[in-house]
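# Descriptive analysis of the structure
Residue strings, one per chain:
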Amino acid sequence: MNVILMRYGYPIAVITKEDRLRYYDALEISQTSDLSAFVALVAESVYESLEEYEEAAKQHREKEEWAASLAARFSEPERIRARNEYEVWKNAMELLKSYFRQMTELLDEGDETGRVYFKDFGTLEFEKYLSLRGGGSAKRTWFFRIDFRSGDKAVRYLFFFGAPSYDLRSEVDVTVHLAREEPVGSFRYERLTAMSQPNVPATVEIGYKAKDEKFVAKAQSGRKKKDKIETIGKALLEDIVEKHFSI
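This write-up is about the structure you can find in this document. (Residues numbered from 1 in each chain as written. Predicted model: local features only at pLDDT ≥ 70, side-chain atom pairs only at ≥ 80, totals over all residues. Heavy atoms only, no water.)

Attention shifts here to a negative patch on the surface. A cluster of acidic residues, E48, E51, E52 and E54, forms a negative patch at the surface. Positionally, E51 belongs in helix α3 (residues 36-110). (Patch = residues over 30% accessible without salt bridge, like charges linked within 9 Å, V, L, I, M, F, W, Y side chains within 5 Å. Areas by Shrake-Rupley, 256 points an atom, 1.4 Å probe, with all protein chains shown as cover. Salt bridge = Lys/Arg side-chain N within 4 Å of Asp/Glu carboxyl O. Lys, Arg positive; Asp, Glu negative; His and termini not counted. Charge placed at Lys NZ, Arg CZ, Asp CG, Glu CD. Helix = DSSP H or I, 4+ residues; strand = E, 2+ residues; numbered from the N terminus.)

With that settled, consider a nonpolar patch on the surface. On the surface, a nonpolar cluster with roughly 390 Å² of combined accessible area is contributed by I4, Y8 and Y10. Among the secondary structure elements, I4 is positioned in helix α1 (residues 2-7).

Time to look at the nonpolar core. Judged by nonpolar contacts, the single largest core of 39 residues is most densely connected at M93, F100, I146, F148, F159, F161 and F215. Ranked by residues supplied to this core, first place goes to α3 with 8 residues. One finds L5, A26, V42 and V46 within the second-largest nonpolar core, a separate group that totals 6 residues. (Core = buried A, V, L, I, M, F, W, Y, C linked by side-chain atoms within 4.5 Å. Buried < 20%, exposed > 50% of the residue type's maximum accessible area, 1.4 Å probe, protein only.)

The next point concerns unusual backbone geometry. For residues besides glycine, phi is generally negative; the peptide bonds are generally trans as well. Here the bond from E182 into P183 is cis, since omega is -5 degrees, no more than 30 degrees from zero. Structurally, the position occupied by P183 is in the loop between β4 (175-181) and β5 (189-191). Phi is positive for R140, close to 55 degrees, though the residue is something other than glycine. Position of R140 among the secondary structure elements: in the loop between α4 (126-133) and β2 (142-150). With phi around 55 degrees, E213 is a residue other than glycine that occupies positive phi space. Structurally, E213 is set in the loop between β6 (203-209) and β7 (214-219).

Turning to the packing of aromatic side chains, a few remarks are in order. Where two aromatic rings form a pair, the distance of their centres and the angle of their planes describe that pair. Inspection of the entire model under this criterion finds 19 aromatic pairs. Between Y23 and Y24, the aromatic rings sit 6.1 Å apart at their centres with planes inclined by 45 degrees, giving tilted as the arrangement. Note on F118 and F144: the rings are 5.0 Å apart at their centroids and 25 degrees apart in plane angle, and the pair reads as stacked. Here the residue F118 occupies a position in strand β1 (residues 114-120), and F144 occupies one in strand β2, the gap between them amounting to 26 residues. The exposure class of F144 is buried, given its relative accessible area of 0%. By the ring-pair criterion, three or more aromatic residues cluster together here, those being Y86, W89, Y99, F100, F118, F126, Y129, F143, F144, F159 and F161. (Phe/Tyr/Trp six-rings, centres within 6.5 Å; stacked < 30°, edge-to-face > 60°.)

Within the secondary structure layout, Y157 lies in strand β3 (residues 153-162). Counting along the chain gives 53 residues from Y157 to A210, while the straight-line C-alpha distance between them is 26 Å. Within polar-contact distance, the side chain of Y157 engages the side chain of R180 at 3.0 Å. (Polar contact = N/O pair within 3.5 Å; in protein donor to acceptor, adjacent residues only side chain to side chain.)

Moving on: the environment of G151. Along the polypeptide, G151 turns up in the loop between β2 and β3. Remark: the alpha-carbon pair of G151 and G114, spanning 37 residues in sequence, is separated by 6.4 Å.

If you trace the backbone, R145 turns up in strand β2. Note on R145: relative accessible area 13%, which makes it buried. Engagement of the side chain of R145 in a polar contact is seen with the side chain of D147, the distance being 2.8 Å. Excluding residues that lie within four positions of it along the chain, R145 makes contacts with Y117, F118, K119, F121, R156, Y157, L158, F187 and Y189. (Contact = heavy atoms within 4.5 Å.)

Right under this line is the structure:
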């Protein structure tokens, strides 16, 4: 009976010792096809179970709200500090994106045989930043993409946010990872760190170290270099063109 009740979304009916005689009487009466007494007893038992569940849920909810309120008071200073760090980081990322956008436009204007496109996907929200900063994951973290086309050759590079790799974990909180469309035209992207082809650019990850006010570029080999974004970006773009389009 209780299995059937649960199957239809009801709590179980608990027949207490006090109702034992009533239960026997209801069973006996039900043998004459009159189920009223039995149904009434079961309904009352189900109602009592609901009351107990509601009270337990209320107590549990009150405990959760108390814990959340206490945790919020303890974590507020850390959240404020993280928000300030996020604003500094976000400004640095906007500088990074602005540089690549400008260089893309210059390359596109100066290339008579090909085209270079820049696609902006926006920046990373604070909550996603916190998740990646804590070593977690986040969905929809694309930053921007650069498409290179020249003659019958084409390549797409995707820049997206992620938790820093082991080599950069001690220096930065959230980094920009590089991926490439493989194969061309598939819109499937593979991280550069997972590639072993000879035409993979040296730079595979870029972060920003606020303390030094410099960007940090990580190479496929694990080597790190701190510099201005102009220097890091120029080297990366030259490397991409060299590996894909140079004769």
